[in-house]
Amino acid sequence: MESAVKERSAQGGTKRRGATAEEMSARQKEVSVSEFFVKNRHLLGFDNARKALLTTVKEAVDNSLDACEEAGIMPDIAVIIEDLEPKRPATAKQSRYRVTIVDNGPGIVRKQVENIFGRLLYGSKFHRLKMSRGQQGIGISAAGMNGLITTGRPMLIYTKPNAKQPAHHIELAMNTKTNRAEVTLDKETKDFPPERLRGLSAGTKQLSQEGVFLSPEVFATGTSVSIELEGKYQKGRGSVDEFLELTAIANPHARIVFVPPSRVAQDEVDDLLPGTSAAAAEESKTKADAPAQTTETGGVTVYPRGVAELPPETKEIQPHPKGIELGILLQMLKDYEASEKGSLYDFLQTRFCRVSASTASKFCSAIGATSRTKAGDVEPQQVEKLFKVFEDEKLAPPPTDCLAPIGVRQLLAGLLKGVKAEFYAASTREAAVYRGRPFQIEAAIAFGGDLPGDQAARVIRFANRVPLLFQQSACSSFKAVEETPWKNYAMQQPRGSLPVGPLVVMIHMASVWVPFTSESKEAIADYDEIRKEMRLALMECGRKLGTYLRKRQKMRREGERRDVFERYIGEIAKALNAITGEDARRIYDALLEQARRKTAVADQQLDEDGKVVKDDDEDDFGEGVIVVESAIAPVESAAPIAPPVFDAPNAKAASTAKADKNAKMAKDARPAKPAKAVKSEPAAKPEPAIVTKKDLSSRASTEPKPAPKKKPFSDDDPRLF
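Given the structure is predicted, the values throughout are model-derived calculations rather than measurements.

K.L.:
Residues and numbers for the overall build of the chain, please.
P.N.:
Along the chain, the regular secondary structure elements total 19 helices and 16 strands. Counting every position in the chain, which comprises 721 residues, the buried fraction comes to 44%. Sequence separation of 24 or more characterises 72% of the internal contacts of the chain that already satisfy a separation of 6 or more. Of the roughly 39,300 Å² that the chain leaves accessible, carbon and sulfur atoms contribute 51%.

Set out below in structure tokens:
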């Protein structure tokens, strides 16, 4: 006690002044959302120079695709990256680039330009339950903010909402203190799309003359956005090239032209998808039914349009009662009471989907309310009871008209365009729900062909038709691939890892609200409902793959069996020729035909849907399957066996052999000469039966034999027999 008193007195001697409550409260102030993200740009995907360039392109392309689809316009997008420091030293880790994205969408009205490009968390997609690529209203404005911070240059915007009126030329920069845009230039111009972009390189000039690049007829309306930033352009995994290639696969209705910078950093050797090259495109031009292929002209890459129709138009829906949370239900009741002051009966029908009049009446009765009970009069205890009724009631799944999945045929077409394989399979699951929001899972696989067989499978992830290139191990789709039992489908799979073999796995999640792990939208959150649906879709594709691989194994075994037959049929034919004198060639052909009939599985042909052309029901792989017969490795591992060479039959020798044979047969048929008479002798007496070994020895020859060894039994002993 005395020590504590001394300690307090010592502290009192050196008095430490602390802040008062009034002083602390005076220092507190609101933090702008733009100020927060300026200090935390890594949350938005701008954590390094390479990702910053990719994220800028990604956000602008997503906005262009959304705008074109919502306006009912077939997307035509140009992505141009200009290197503003081409003479930089080779040791430089990054450079300054100007990224320009031009689309032929509906354009943006002048009064909304500052809000869309100069404010974070501003947009039209956050509050509606409808599938779209953008969600939070951060992307393109954050890209402009990053460019302003790294280079100090404002965004350059051209927008033309009316084909008969000039475009607006605007330069604006974001004020990170107020989260508002500051316009530095605003004028009207007829230069849309910008003329200077057509003369950047020899490739752009040639494509412009051909009407392929930034044609004024195609870009009658649209938007152009240019952002200068510090970045790094490099090919390979996680690059702009990979993003555009995968975007073209998931959006076959879009046409994308990519103009890369004049100087490229050291390329990575690991390309994502083998088979997409200009050479392959030139080869496919000779085939009328061949799919569109990526082409390259003067360094400009063109991803052609694969289909001539837009995805189905999506509709906005209300939340589904299944998965709704109690706090959200309470807030929805308060908002409904404040806005409409209607009854609980009307609230259930208008604010939820899949709730009919009879179902709403049933819910009201379950909590002790009537159809005329006001929503504001419902007690908290009744709301909790209503929440439990939602969980226990069997309701129809949410409608799917709010979603626009890629589709089985489009998935297969995209993989055929980008991956050279022998077997393709795809499946689309029925719509499910998590937290009251519908979603749909699609999966596709490609096997064999030119894919490497000694590496782990490649996983391609999409969310609302947008490729996800980073944070793969944290994504729910990646975990679903690891949890799928690929060993059941004739694949090798180490414990807790991806399958090993020539396999590409593609997973797409379509949802009205994708639960990303961060604002950069690089990985899907690991919800149990989502991972389960992904695993089921992969298992459906795996069953088709297993059926195909078992079929191929059976064909291989039958081919090896035929190989054994063919090795010895020639010798058998020659041997039979020597014995019977029949034509060896005829014998060989007959035996070979029988061998082929017994091993007919090795000769079966598969159509474009993976079905056997012949009448064999067990060879049906199911729907959503394509087998490329030309890409399949030969069944026989060894070289084919050359047919034996038989000597030409000699007519004279054959006739002589036949005459000798006939003469011999005639000789055998003549009656034999009578034998001379022999003096008959009396018949011998029947020999006595053999009872003992002595009796047997007495009949043996009289030749001397070695004395037998002494035995425990005498030869007269019957027990020896």
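Structure shown, so let's carry the discussion forward.
K.L.:
Describe the pairing of strand 4 (residues 167-175), naming the residues involved and giving the relevant values.
P.N.:
Summarising burial for strand 4: seven of the nine residues are buried, a large majority. Of the strand pairs in this sheet, strand 3 (residues 155-160) and strand 4 are connected by five bridges, and their pairing is antiparallel. Residue pairing across strands places L156 opposite E171, the latter belonging to strand 4. With antiparallel pairing between neighbouring strands as the criterion, strand 3 and strand 4 make up a hairpin whose turn holds six residues.

K.L.:
Lay out the confidence of the model for the chain in plain terms, naming residues and giving numbers.
P.N.:
Mean pLDDT for the chain: 79, with 76% of residues reaching 70 or above. Looking across the chain, the model is least confident in helix 9 (residues 278-284), with a mean pLDDT of 43, and most confident in strand 3, with 95. Residue range residues 266-272 is modelled with pLDDT below 50. Its contacts to residues more than four positions away, or to other chains, number 14 contacts. Low pLDDT (under 50) marks residues 606-610, which in the prediction has 20 contacts with non-local residues, meaning those over four places away or in another chain.

K.L.:
Could you give an account of the sheet that holds strand 3, naming the residues involved and the relevant values?
P.N.:
What links the strands of a sheet is backbone hydrogen bonding, and the strands pair in either a parallel or an antiparallel sense. Read across the sheet, nine strands follow the order 5-4-3-6-2-1-7-9-8 without closing on themselves; strand pairing throughout is mixed. Across the chains shown, the open sheet's two edge strands, defined by having one partner strand only, are strand 5 (180-189) and strand 8 (295-297). Put simply, the sheet's adjacent strands are angled 20° from each other on average, direction ignored. Two elements, strand 7 (residues 255-259) and strand 9 (residues 300-303), share three bridges in a ladder whose sense is antiparallel.

Quick notes on the rules
Residue indices follow the written sequence of each chain, beginning from 1 at its first position. Since the coordinates come from a predicted model, pLDDT governs what is reported: local features require at least 70, and pairs of side-chain atoms require 80 or more to be given and counted, while whole-chain, interface and lining totals use all residues. To get the side-chain values, take all heavy atoms of the structure and skip hydrogens and water. By definition, any uninterrupted DSSP run of H or I lasting at least four residues is a helix, any uninterrupted run of E lasting at least two residues is a strand, and each is numbered from the N terminus. Each residue is assigned to one of three classes by its accessible area relative to the maximum for its type, calculated with a 1.4 Å probe on protein chains only: buried under 20%, partly exposed between the two thresholds, exposed over 50%. Note on contacts: a residue pair is in contact if any heavy atoms of the two residues lie within 4.5 Å. Using a 1.4 Å probe, the Shrake-Rupley method yields the accessible areas, and only the shown protein chains count as cover for residues. If DSSP finds at least two bridges between two strands, the strands pair. Each residue carries a pLDDT value, the predictor's own confidence for that position, ranging from 0 to 100. All axes here are fitted lines through C-alpha atoms, helices being fitted over the stretch that makes contact, and every angle between N-to-C directions spans 0 to 180 degrees.

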